Amino acid sequence: MNIERIRNDFPVLHQELYGKPLVYLDNAATTQKPQCVIDRVRHYYERDNSNIHRGVHTLSERSTTAYEASRETIRAFFNAKSSKEVIFTRGTTESINLVASSWGGENLGKGDEILITHMEHHSNIVPWQMLCKRTGAVLKVIPMNEAGELDMDAFASLLSERTKLLGVVQMSNALGTINPIQSMIQQAHAVGAVVLVDGAQAAAHMPVDVQALDIDFYVTSAHKMYGPTGVGVLIGKQALLEAMPPYQGGGDMILMVTFETTQYNDLPHKFEAGTPNIAGVIGFGEAIRYIQAIGFDTIVRREQVLLNYATEQAQNFDGLKQIGTAKEKACVLSFVMDGVHPHDLGTILDREAVAIRAGHHCAMPVMQFYKVPATARASFSIYNTESEVDALFAALTKARDMFA
Ligand code: 7TS
């Protein structure tokens, strides 16, 4: 694999900050965008911009065709059974809120249980808490061990006929842990629970086949997959989606409206009220094609080499403690350093042109588990290099010396 060629696809990487080459290691927050995605969005606005599903004029037809072509690209990428199962949203957060509000409001009642894990992002915690408040359902949490791996025995004993939904993150943004979702889905289905998998982190780093895994609801965001911000997807089984009420009312989600009643549109439009992020969806499709062109064989192999390289340096770095050492993990190096607050680390590293994230990563329960206020997090992507990892550790050495 030619990394330089891949790096050349990403214009933003080729800049200096404070006189030093940018080292972008905040990919778990959002990835950078390749030229083909930028060009596709630009081309859309320059040539095709129009609203979809309504005009008979040429631009509207072009926009609709491109928008629906993205749906098919994304369907194929995740191997959903039908494009009716592919709902465009603003992102992972909105996709989960849609399921919690629509599916949850319809299917949950007092005493029912929702099971999530200790390492969920807030977006896979708070919507369920809100739903519990509304319905009287109870939120249960699968514990994890010190390495940041789920306690699978505890999981098995938490499952019961009261469990109506399992919400599980495929790859933790705060720890990098890859969860054994295949086995978890099978066990959850055995008690009749529906499973939502949060693929916000995983989708750019490993292949996902929603049919092979038998996933009921899969959610992810384009912006973590080299695509635009403000767009994402909910992939749901058709039978579940058919039975769910609309999440929002408005244009495009209806067939017929009178003041007395409204007949809702068919899937997937039933869940896409209002003018969507048309350019974003089209850019999302292009980003998926970019990933397909590189291929997951290459991506997985390359990113694992890089993570191993970074992990080895972290292990040999005096005063640095890794947070999250699961056997199965990807692309995330979370850590704390003796005597230096993660936020100070983030600031010092920025002056070295090294971009990492410092904070709770919208996973406060993970911070509570490790009894830290925050961690520093370097997260890698297909365009990162060993020399960038070296730059990270050179900057960390500087920070350690400053505080010594
Ligand atoms: N789930 C996981 C596992 C995430 O990592 C994120 C975003 C979300 C859900 C929410 O995605 P959104 O696109 O709807 O915002 N995670 C991060 C992060 O780690 N740093 O910034 C955003």
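Residues numbered from 1 in each chain as written. Predicted model: local features only at pLDDT ≥ 70, side-chain atom pairs only at ≥ 80, totals over all residues. Heavy atoms only, no water.

## Brief notes about the site of the ligand
Lining the immediate environment of the ligand, one finds 16 residues, of which Thr 93, Asp 198, Ser 221, Arg 357 and Arg 377 sit closest. Backbone polar atom of Thr 92 to an oxygen atom of the ligand: 3.5 Å apart, as the coordinates give it. One nitrogen or oxygen atom from the side chain of Thr 93 is found 2.6 Å from an oxygen atom belonging to the ligand. Here the ligand loses 87% of its free accessible area of 490 Å² to cover by the protein chains. Tallied by class, the residues present in the shell around the ligand amount to four nonpolar, eight polar and four charged. (Near = heavy atom within 4 Å. Polar contact = N/O pair within 3.5 Å; in protein donor to acceptor, adjacent residues only side chain to side chain. Areas by Shrake-Rupley, 256 points an atom, 1.4 Å probe, with all protein chains shown as cover. Nonpolar A, V, L, I, M, F, W, Y, C, P; charged D, E, K, R; others polar.)

## Structural notes on the pairing of strand 8 (residues 194–198)
Counting buried positions over the five residues of strand 8 gives five, a clear majority of the element. Neither face of strand 8 is left uncovered, since the one carrying Val 194, Leu 196 and Asp 198 and the one carrying Val 195 and Val 197 both have all their residues buried. Inspection of the sheet shows strand 7 (residues 163–169) paired to strand 8 by five bridges, in the parallel sense. From the neighbouring strand, Val 168 faces strand 8, where its bridge partner is Val 197. Relative to strand 9 (residues 217–221), strand 8 runs parallel, the two sharing three bridges. Paired with Asp 198 across the bridge in strand 9 is Val 219. (Buried < 20%, exposed > 50% of the residue type's maximum accessible area, 1.4 Å probe, protein only. Helix = DSSP H or I, 4+ residues; strand = E, 2+ residues; numbered from the N terminus. Pairing = 2+ DSSP bridges.)

## Quick word on the nonpolar core
Counting 76 residues, the largest nonpolar core has Phe 78, Leu 166, Ile 215, Tyr 218, Met 225, Phe 284 and Val 366 as its most contacted members. Two domains each provide a minimum of three residues to this core, namely domain 1 (3–25 + 295–398) and domain 2 (38–292). Dropping the residues within four chain positions of it, Val 366 is found in contact with His 118, Met 119, Met 144, Ala 174 and Leu 175. In terms of nonpolar packing, the next biggest core, distinct from the first, is built from 26 residues, Ala 314, Met 337, Ile 356 and Ala 376 among them. (Core = buried A, V, L, I, M, F, W, Y, C linked by side-chain atoms within 4.5 Å. Domains from an automatic or database assignment. Contact = heavy atoms within 4.5 Å.)

## Considerations on the side chain of Gln 32
Its location among the elements puts Gln 32 in the loop between strand 3 (23–24) and helix 2 (35–48). When its relative accessible area of 15% is taken as the criterion, Gln 32 is described as buried. For Gln 32, the residues in contact, after removing those within four places along its chain, are Phe 10, Val 12, Leu 13, Tyr 24, Asn 27, Tyr 226 and Tyr 383.

## Focus: the packing of helix 11 (residues 342–351) against helix 13 (residues 386–403)
Put simply, helix 11 and helix 13 touch, their axes get as near as 9 Å, and they point 120° apart. Here helix 13 runs oblique to helix 11, going by the angle between their axes. In the crossing of helix 11 with helix 13, the sense of the turn from one axis to the other is right-handed. Residues Asp 344, Leu 345, Ile 348 and Leu 349 of helix 11 pack against Leu 392, Ala 395, Leu 396, Ala 399, Met 402 and Phe 403 of helix 13. Looking at the contact of helix 11 with helix 13, its residues break down into nine nonpolar, no polar and one charged. (Axes fitted to C-alpha atoms, helices over the stretch in contact; angles between N-to-C directions. Parallel < 35°, antiparallel > 145°, perpendicular 65-115°, else oblique. Left-handed = near helix turned anticlockwise from the far one by under 90°.)

## A look at the environment of Leu 150
Here Leu 150 lies in the loop between strand 6 (138–142) and helix 6 (152–158). Relative accessible area serves as the criterion here: at 11%, Leu 150 is assigned to the buried category. The spacing of Leu 150 and Val 366 is 216 residues in sequence and 12 Å in space, taken between C-alpha atoms. Residues contacting Leu 150, with those up to four places away along its chain left out, are Thr 117, Met 119, Ile 142, Pro 143, Met 144, Asn 179 and Met 184.

So, to be careful, I would describe these as geometric facts and stop short of saying anything about function.
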